[in-house]
Amino acid sequence: NAGVMQNPRHLVRRRGQEARLRCSPMKGHSHVYWYRQLPEEGLKFMVYLQKENIIDESGMPKERFSAEFPKEGPSILRIQQVVRGDSAAYFCASSPDSTGGSYNSPLHFGNGTRLTVT
Amino acid sequence: AQSVTQPDIHITVSEGASLELRCNYSYGATPYLFWYVQSPGQGLQLLLKYFSGDTLVQGIKGFEAEFKRSQSSFNLRKPSVHWSDAAEYFCAVGPWAGFQKLVFGTGTRLLVSP
């Protein structure tokens, strides 16, 4: 059973370009989370999605960032007009469901996409 | 406000020596506590978790953690460190119910010397 797959592993963009990060959750998982890890910091929650629904995006910057999890295909985190401050590691995690909370539905993390903005 | 503090940015331990990584948390509701490990260039792997019951929890790779409510702490320990344990360790706190909006500490980087 493959784990959470993120691609690309490394992404380099010039300032002003768009970055698209992809995440395929584990098989059977319908809940996807995106976290961002800035240099020398811990992970910070960005957004929580279920299929075709954004459940909580309270950690997403209000501008330039968007996320989706379509009925078919991977979840996409899109960053428009990237700036140097967007350079970070972006991690996707998935869980089978949210019933019972964190205890019964532990998160499985991907290996991350490391975005560098030049 | 919800927060997790890992006061040690780096720790160096000799191979075979014991290890304790500190974690203090502030959480308004009943917390669910985690320790994750991140090897270079990799994602996070769950070491152990705690919600209730025995305050000493066992995890993978020989790690354990002790929950102390009076000190709001959840320190990670290992009796004998192996060179392969060199990594970054993150403590996190999350809600028991609902979805997993975890709050992470800034991490402790463990170096293992020969």
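Residues numbered from 1 in each chain as written. Chains lettered and ligands numbered in written order. Predicted model: local features only at pLDDT ≥ 70, side-chain atom pairs only at ≥ 80, totals over all residues. Heavy atoms only, no water.

1. Section: the packing of aromatic side chains
Scanning the model with the defined rule gives 14 aromatic pairs over all chains in all. Here Phe109 of chain A and Tyr36 of chain B contribute two aromatic rings whose centre-to-centre distance is 5.4 Å and whose plane-to-plane angle is 85°, an arrangement assigned as edge-to-face. Of the two residues, Phe109 of chain A sits in strand S10 (residues 108–109) while Tyr36 of chain B sits in strand S5 (residues 31–38), which places them in two different chains. Taking the relative accessible area as the measure of exposure, Tyr36 of chain B reaches 0% and is therefore buried. Judged by centre distance (5.8 Å) and plane angle (25°), the ring pair of Phe34 of chain B and Tyr36 of chain B falls under stacked. For the pair shown, Phe34 of chain B and Tyr36 of chain B are each scored as buried. (Phe/Tyr/Trp six-rings, centres within 6.5 Å; stacked < 30°, edge-to-face > 60°. Helix = DSSP H or I, 4+ residues; strand = E, 2+ residues; numbered from the N terminus. Buried < 20%, exposed > 50% of the residue type's maximum accessible area, 1.4 Å probe, protein only.)

2. Some words on the pattern of salt bridges
One pass over the full model with this rule turns up nine salt bridges over all chains. Its salt-bridge partner being Asp86 of chain A, residue Arg64 of chain A comes within 2.7 Å of it at the nearest N-O pair. In this pair, Arg64 of chain A is assigned in the loop between strand S6 (53–56) and strand S7 (65–68) and Asp86 of chain A in the loop between strand S8 (75–79) and strand S9 (88–95), connecting sequence segments 22 residues apart. The partly exposed category is assigned to Arg64 of chain A, whose relative accessible area is 25%. Residue classification places Asp86 of chain A among the buried residues on the basis of a relative accessible area of 2%. A salt bridge links Arg77 of chain B to Glu64 of chain B; the nearest nitrogen and oxygen atoms lie 3.4 Å apart. On the criterion of sequence distance, the pair formed by Arg77 of chain B in strand S9 (residues 73–78) and Glu64 of chain B in strand S8 (residues 64–68) is long-range, its members being 13 residues apart. Using a relative accessible area of 23% as the deciding quantity, one classes Arg77 of chain B as partly exposed. The exposure class assigned to Glu64 of chain B is buried, which follows from its relative accessible area of 19%. Salt bridges linked by common partners bring Glu64, Glu66 and Arg77 of chain B together as one network. (Salt bridge = Lys/Arg side-chain N within 4 Å of Asp/Glu carboxyl O.)

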